[in-house]
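These are the residues of each chain, in order.
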Amino acid sequence: MDFVMKQALGGATKDMGKMLGGDEEKDPDAAKKEEERQEALRQEEEERKAKYAKMEAEREVMRQGIRDKFLQGNHLILRSQFQI
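Rules used in this analysis
Residues numbered from 1 in each chain as written. Predicted model: local features only at pLDDT ≥ 70, side-chain atom pairs only at ≥ 80, totals over all residues. Heavy atoms only, no water. Helix = DSSP H or I, 4+ residues; strand = E, 2+ residues; numbered from the N terminus. Buried < 20%, exposed > 50% of the residue type's maximum accessible area, 1.4 Å probe, protein only. Areas by Shrake-Rupley, 256 points an atom, 1.4 Å probe, with all protein chains shown as cover. Salt bridge = Lys/Arg side-chain N within 4 Å of Asp/Glu carboxyl O. pLDDT = per-residue confidence, 0-100.

K.L.:
Would you explain the overall build of the protein chain in this entry?
P.N.:
For the protein chain, the helix and strand inventory stands at 3 helices and 0 strands. Along the protein chain, from the amino end to the carboxyl end, the secondary structure elements read α-α-α. Burial analysis of the protein chain (84 residues in total) assigns 0% to the buried set. Split by element, the accessible area of the protein chain, about 8,400 Å² in all, is 58% carbon and sulfur.

Following this line, the structure appears as structure tokens:
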């Protein structure tokens, strides 16, 4: 019966102590790794923001071109309508 239980649980019994708040293995470089991870996240966020700021600037240029074209066309139409 013990064999069946061990097979059913697999390797979970080895980590059971850790899951219950037992001794955890301490990584001496954990603080350094966490700091590097946080720096990488900050850098990725800055790159993402720069990318979207550039895209929004390009969109605004396109919008302004459409506005200019629309106003120029409407200006000519309005001028012709009100000339007698």
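Let us keep going from here.
K.L.:
Just checking my understanding: could you explain the pattern of salt bridges for this structure?
P.N.:
Opposite charge on two side chains permits pairing when their charged atoms draw close. Per the counting criterion, the structure on display carries 7 salt bridges. One salt bridge connects Glu56 with Arg59, and the closest N-O pair in it is separated by 3.6 Å. Of this pair, Glu56 and Arg59 both sit in helix H3 (residues 30–82), 3 residues apart, roughly one helical turn. Residue classification places Glu56 among the partly exposed positions, given a relative accessible area of 35%. Between Arg67 and Glu60 there is a salt bridge; the shortest N-O distance is 3.0 Å. Residue Arg67 is classed as partly exposed on the basis of its relative accessible area, which comes to 37%. Where salt bridges share partners, they join Glu56, Arg59, Glu60, Arg63 and Arg67 into one cluster.

K.L.:
What is the right way to read the confidence of the model for the protein chain from this model?
P.N.:
The predicted structure's coordinates, where accompanied by low pLDDT, should not be read in detail. Taken residue by residue, the protein chain gives an average pLDDT of 80. The fraction at 70 or more is 58%. The least confident element of the protein chain, judged by mean pLDDT, is helix H2 (residues 12–19) at 60; the most confident is H3 at 89.

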